[in-house]
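# Secondary and tertiary structure notes
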Amino acid sequence: TLVNLLEMMPEFNIEGIVFSSSCTVYGQPDPENLPVTENAPIKPAMSPYGNTKQINEEIIRDTIHAGAPFKSIILRYFNPIALTQAQRSASCQWCSPELDPVLDTDGYGIRKELSVFGDDYDTADGSCIRDYINVVDLAKAHVIAMDRMLENKSDEHIEIFNLGTGNGVSVLELINTFEQTTGVKVPHKIVGRREG
């Protein structure tokens with residue numbers, strides 16, 4: 001668990017921790033806080049997943065505030081997407097449930113159909129707009145964060161960075177782009193919005 005890890009870090013002279021958090025910690029941001037920046041207020045979590053991220057961030061913050069001899073960089077990211085080459089080489093039946101792997105597996109007939117959660121959003125096509133970040137870029141950001149701590153590039157004990165592109169894409173736009181790019185139809189159905 002995180003608490004055990006944080007307690008052991010000083011014993012082994014570990015000077016920092018990069019925590020993979022999520023922008024779900026912002027809850028449903030108010031319109032004046034869009035686009036979401038690191039200064040947006042933390043709001044009640046809209047899912048158990050978001051709640052665990054909020055709690056873990058608080059544990060890290062409290063541990064450092066109480067005098068722990070290490071630093072932390074918290075990376076809050078939006079929607080990781082894309083298959084790595086290794087995943088593309090695998091059967092893809094057990095790929096991550098994020099949208100791009102689902103599109104890939106749907107396109108190759110492994111899944112019956114993709115569920116699009118909601119078509120009543122205030123968007124051009126009614127589907128939810130999300131900020132997708134490529135998993136390779138996400139991995140590179142973690143390396144940069146580790147280098148930042150190891151090279152003492154900041155005097156702060158805790159730094160928080162949002163990771164995203166800043167460009168939203170609707171779910172239906174993503175499906176259409178996949179279909180146009182690959183020539184493979186993605187069977188999908190519109191279902192109700194999901195919590196969070």
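Residue positions are given per chain, counting from 1 as you read along its sequence in written order. In keeping with the predicted nature of the model, local features appear solely for residues at pLDDT of at least 70, side-chain atom pairs appear and are counted solely at 80 or more, and the whole-chain, interface and lining totals rest on all residues. Calculation of side-chain values draws on the structure's entire complement of heavy atoms; hydrogens and water are dropped beforehand.

A run of H or I in DSSP counts as a helix once it spans at least four residues, and a run of E counts as a strand once it spans at least two, with each numbered from the N terminus. Of regular secondary structure, the chain possesses six helices and nine strands. Whether a residue is buried, partly exposed or exposed follows from its accessible area with a 1.4 Å probe, protein chains only, as a fraction of its type maximum: under 20%, in between, or over 50%, in that order. A total of 196 residues make up the chain; the buried ones form 36% of that total. Residue pairs at least 24 apart in sequence account for 70% of intrachain contacts in the chain once pairs closer than 6 positions are excluded. Looking at the chain as shown, the accessible area adds up to about 11,800 Å², and 54% of this sits on carbon and sulfur atoms. Only heavy atoms enter the contact rule, under which two residues are in contact if any of them lie within 4.5 Å. For the area figures, the Shrake-Rupley method with a 1.4 Å probe applies, and any residue is considered shielded solely by the protein chains shown.

With that settled, the discussion passes to helix H5 (residues 135-150). In this model H5 runs 23 Å from its N-terminal to its C-terminal C-alpha over 16 residues, within 8% of the 22 Å that 1.5 Å per residue would give. Taken together, the buried positions of H5 are occupied by Leu138, Ala141, His142, Ala145 and Met149. When H5 is viewed along its axis, its buried side chains cluster within an angular range of 100° and face the same direction. Exposed residues pointing more than 90 degrees away from the buried face of H5 are listed as Lys140, Ile144 and Leu150. Sitting at the head of H5, asparagine 134 places a side-chain oxygen 2.7 Å from the backbone nitrogen of valine 136. Working rule for helices: expected span equals 1.5 Å times residues minus one. Within this analysis, the arc is defined by the directions that extend from the helix axis to the C-beta atoms. Under this definition, polar contacts are N or O atom pairs within 3.5 Å; protein pairs additionally need one hydrogen-donor-capable and one acceptor-capable atom, and for neighbouring residues in sequence, both atoms have to be side-chain atoms.

What follows concerns the environment of isoleucine 59. Summarising the element assignment, isoleucine 59 is placed in helix H2 (residues 48-65). For the pair formed by isoleucine 59 and leucine 6, sequence separation is 53 residues and the distance between their alpha carbons is 9.1 Å.

For helix H6 (residues 171-182), spanning twelve residues, the distance from its first C-alpha to its last is 17 Å, which sits close to the expected 16 Å at 1.5 Å a residue. Taken together, the buried positions of H6 are Val171, Leu172, Leu174, Ile175, Phe178 and Glu179. End-on view of H6: buried residues confined to an arc of 160°, all on one side of the axis. What points out from H6, more than 90 degrees from its buried face, is the exposed set Gln180 and Thr181. Where H6 terminates, the next one or two residues include glycine 183, which has phi positive at roughly 75°.

Bringing the sheet that holds strand E1 (residues 16-22) into the picture now. Ordered by their spatial adjacency, three strands build an open sheet running E1-E2-E7, and the pairing between neighbours is parallel. Across the chains shown, the open sheet's two edge strands, defined by having one partner strand only, are E1 and strand E7 (158-163). If you compare each strand with its neighbour and ignore which way they point, the axes differ by 20° on average. Pairing between strands is defined by DSSP: at least two bridges between them are needed. Where E1 lies against strand E2 (residues 71-77), seven bridges are found, and the strand directions are parallel. Note on E2: the bridge partner recorded for phenylalanine 19 is isoleucine 74. Angular values range over 0 to 180 degrees, each being the angle between N-to-C directions of two axes fitted as lines to C-alpha atoms, with helices fitted over their stretch in contact. In this fold H5 packs onto E1, E2 and E7, with an angle of close to 160° to the strand it touches most, E2.

On to the side chain of aspartate 131, then. Here aspartate 131 shows up in the loop between strand E5 (129-130) and strand E6 (132-134). No salt bridge is formed by the buried aspartate 131; the nearest opposite charge belongs to arginine 130, separated by 9.2 Å. A distance of 2.7 Å separates polar atoms of two side chains, one belonging to aspartate 131 and the other to threonine 165. If we skip the residues at most four places from it in the chain, aspartate 131 touches Phe78, Asn79, Gly164, Thr165, Gly166 and Asn167. Only four residue types enter the charge count, namely Lys and Arg as positive and Asp and Glu as negative; His and the chain termini do not. The rule for a salt bridge is simple: a side-chain nitrogen of Lys or Arg has to be within 4 Å of a carboxyl oxygen of Asp or Glu.

Mapped onto the secondary structure, threonine 63 falls in helix H2. Along the backbone, threonine 63 and glutamate 7 are 56 residues apart, and their C-alpha atoms lie at a distance of 8.8 Å.

Put plainly, a pocket is an open set of points on a 1 Å grid over the protein atoms alone with protein on both sides within 12 Å along at least five of seven lines, a cavity is a set where a 1.4 Å probe fits but cannot get out, and a lining residue has an atom within 4 Å of a point. Grid points are joined across faces, edges and corners, and a volume is the space filled by probe spheres set on the points. Counted by the stated rule, this structure contains one cavity of 30 Å³ or more. Its boundaries defined by the atoms lining it, the largest cavity holds a volume of some 60 Å³. Along its surface, the largest cavity is lined by Lys71, Ser72, Ile73, Arg148, Met149, Asn152, Lys153, Ser154, Glu156, His157 and Glu159. Mapped onto the lining of the largest cavity, the elements with two or more residues apiece are E2 and H5. No other element matches E2, which puts three residues into the lining of the largest cavity. Classifying every residue of the lining of the largest cavity by side-chain character gives two nonpolar, four polar and five charged. Basically, the charged four are Asp, Glu, Lys and Arg, the nonpolar ten are Ala, Val, Leu, Ile, Met, Phe, Trp, Tyr, Cys and Pro, and anything else, Gly included, counts as polar.

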